[in-house]
Amino acid sequence: MSRVAIVMTGGTITMKIFDPAHGAFPMQDASDIIEVLNDTLGFQNLVTHKYSMIPSPSMTLERMQDLKSFIDPILEDPEISGVVITHGTDALEETAFYLDLVHTSEKPVIVTGAMKNASEIGYDGFTNLVSAIYTAQHPDSQNKGVLVVMNYEIHAAWEVTKTHTLNLDTFKSLSFGPLGIIDGEHVIYYRLRNRWSYRFQNTFKAPVPIITTYAGIDADMINQFVNKPIAGIVIEAMGRGNVPPQLVEPIERLIAKEIPVIVVSRVPSGRVFDTYGYPGGGKDLIQKGAIFGTDLTGLKARILLMVALGNAYEKASLRSLFTYQ
Ligand code: ASP
């Protein structure tokens, strides 16, 4: 019988309120959750690994890299059909995206979490875990890279983002919709993922800050980085990829220093494009050497840039990596 490995990293899915005065905390031992899965729900094919017990705001790129090294030997085990990672939802899309970029196996890695902790009525941890297990063991999940399963939906890590601070229905692929659903024990795919991963080496370069633009932003918000040893920068521009005119000169200074400047939008869905020619407009920025990040969010553009730089991507190859159709 093929087995599914559950790798626990922490997050609300493994949290409880021990003392109401102190809020929800990670359980040190999530064995009761696994016991329910094994005994009450009748799963006999689960292997569990406690990787960490951290809330996801404590996740770092170094930890993501280490997590990838941790799951690799598990994926190589011929008895394992897929890996389910439990994770805090706050940084879930970042870890899932990192793992997707460096994913090399045909077997699926499913990242899941919970919006409510185990002490709350309506705890969604079991539903999400069970859905993730069904997805991990389903043959149609092969060769789809890293997937995010939450609230009965399957999303590609490349596409998904957390859209609500409280709702269970928070993970959305805003531009494309979910890949499929989990209905009872049935795993149903409606479409293929938008892009396939690059199978990058598990390495990255840091730091890469993200700056969100806003009306009246001070040029110093970019200028502060000109003499700092950053590997690159992501600018969340307005609309189709336009920045206030006072940022043009600082951006040019970064580009003159060979620092990659990736422009995405602060708008949660849709592509950036070189529509506008005014100072700070998309056409102007591209002509000055900025690289447009198509439909990636700032969070994802940052991780893609870090991983690509770690994989020795130079300016021309970065441009074609980010400017896909
Ligand atoms: N703050 C929690 C975390 O990301 C939220 C969650 O898991 O839903 O660890």
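Look up a bit, the structure's there.
No experiment lies behind these values; they were computed from the predicted model shown.

In the neighbourhood of the ligand, the contacting residues comprise Gly11, Thr12, Pro55, Ser56, Pro57, Gly88, Thr89, Asp90 and Ala114. With respect to the ligand, the backbone of Thr12 contributes an N or O atom lying 2.9 Å from an oxygen atom. Within the side chain of Thr89, a nitrogen or oxygen atom sits 2.4 Å from an oxygen atom of the ligand. Contact with the protein chains removes 85% of the 260 Å² of surface that the ligand exposes when unbound. Its residues placed into classes, the shell around the ligand shows three nonpolar, five polar and one charged.

The strands making up a sheet associate through hydrogen bonds between their backbones, and the pairing can be parallel or antiparallel. In space, the eight strands of this open sheet follow the order β4-β1-β5-β6-β7-β8-β11-β12, with mixed pairing throughout. The open sheet has two edge strands, β4 (46-54) and β12 (186-189), and neither has a second partner. Going from strand to strand, the sheet's axes swing by 25° on average, the running direction of each strand aside. Here six bridges tie strand β1 (residues 3-10) to β4, and the two strands are oriented parallel to one another. Looking at the pairing, Met8 lines up with Lys50 of β4. Where helix α2 (residues 61-76) meets the sheet, it contacts β1, β4, β5 (80-86) and β6 (109-112), and its direction lies at approximately 170° from that of β4. On the sheet, helix α4 (residues 125-137) packs against β1, β4, β5, β6, β7 (146-150), β8 (153-156), β11 (180-183) and β12 and is oriented at approximately 150° with respect to β5.

This part takes up the environment of Leu174. Secondary-structure assignment places Leu174 in the loop between β10 (171-172) and β11. Considering only alpha carbons, one finds Leu174 and Gly270, 96 residues apart in sequence, at a separation of 8.6 Å. Not counting chain neighbours up to four residues away, the residues in contact with Leu174 comprise Glu159, Thr161, Thr163, Pro268 and Ser269.

Moving on, we come to the pairing of strand β14 (residues 233-237). Buried residues dominate β14, accounting for five of its five residues. The alternating pattern of β14 places Ile233, Ile235 and Ala237 on one face and Val234 and Glu236 on the opposite face, and all of these are buried. In this sheet, β14 lies alongside strand β13 (residues 210-212) in parallel orientation, the contact comprising three bridges. Within β14, the position partnered with Ile210 by the bridge is Val234. When β14 meets strand β15 (residues 261-265), the two strands line up parallel, connected through five bridges. Paired with Ile233 across the bridge in β15 is Val261. As a crossover connection, the stretch from β14 through helix α6 (residues 248-256) into β15 is right-handed.

Turning our attention to the sheet that holds β13. Spatially, four strands are ordered β13-β14-β15-β16 in an open sheet, and the strand pairing comes out parallel. Single-partner strands in this sheet number two, and they are β13 and β16 (291-292). Where helix α8 (residues 298-310) meets the sheet, it contacts β13, β14 and β15, and its direction lies at approximately 160° from that of β14.

In terms of backbone geometry, most residues other than glycine have negative phi values and most peptide bonds are trans. Here the residue pair Ala206 and Pro207 is connected by a cis peptide bond, since its omega of 0° sits within 30 degrees of zero. Turning to its location among the elements, Pro207 is positioned in the loop between β12 and β13. At Asn151, a position not held by glycine, the phi torsion is positive, near 50°. Among the structural elements, Asn151 can be located in the loop between β7 and β8. Taking relative accessible area as the criterion, Asn151 reaches 22% and is therefore assigned partly exposed. Phi is positive for Tyr152, which is not a glycine, with a value near 70°. The class for Tyr152 is partly exposed, based on a relative accessible area of 44%.

The subject of this paragraph is the environment of Val263. For Val263, the location among the structural elements is in strand β15. The class for Val263 is buried, based on a relative accessible area of 0%. In this structure the C-alpha to C-alpha distance between Val263 and Arg319, which are 56 residues apart in sequence, comes to 11 Å. When sequence neighbours within four positions are dropped, the list of residues in contact with Val263 reads Ile235, Ala237, Gly241, Val272, Leu285, Ala290, Ile291, Phe292 and Gly293.

What follows deals with the packing of helix α3 (residues 92-101) against α8. α8 packs onto α3 with a crossing angle of 35° between their chain directions and a minimal axis gap of 10 Å. Judged by the twist between their axes, the crossing of α3 over α8 is right-handed. Two secondary-structure elements touch here, α3 through Glu93, Glu94, Phe97, Tyr98 and Leu101 and α8 through Leu299, Lys300, Arg302, Ile303, Leu304 and Val307. Classifying every residue of the contact of α3 with α8 by side-chain character gives seven nonpolar, no polar and four charged.

Residue position: Arg193 is located in the loop between β12 and β13. In this structure the side chain of Arg193 is engaged in a polar contact, spanning 2.8 Å, whose partner is the side chain of Asp100. A distance of 3.2 Å separates a polar side-chain atom of Arg193 from the backbone oxygen of Lys144. In contact with Arg193, not counting residues within four places along its chain, are Asp100, Lys144, Gly145, Val146, Ala156, Trp158, Glu159 and Leu179.

Thresholds applied
Residues numbered from 1 in each chain as written. Predicted model: local features only at pLDDT ≥ 70, side-chain atom pairs only at ≥ 80, totals over all residues. Heavy atoms only, no water. Near = heavy atom within 4 Å. Polar contact = N/O pair within 3.5 Å; in protein donor to acceptor, adjacent residues only side chain to side chain. Areas by Shrake-Rupley, 256 points an atom, 1.4 Å probe, with all protein chains shown as cover. Nonpolar A, V, L, I, M, F, W, Y, C, P; charged D, E, K, R; others polar. Pairing = 2+ DSSP bridges. Helix = DSSP H or I, 4+ residues; strand = E, 2+ residues; numbered from the N terminus. Axes fitted to C-alpha atoms, helices over the stretch in contact; angles between N-to-C directions. Contact = heavy atoms within 4.5 Å. Buried < 20%, exposed > 50% of the residue type's maximum accessible area, 1.4 Å probe, protein only. Right-handed = clockwise from strand over helix to strand, strands pointing away. Left-handed = near helix turned anticlockwise from the far one by under 90°.

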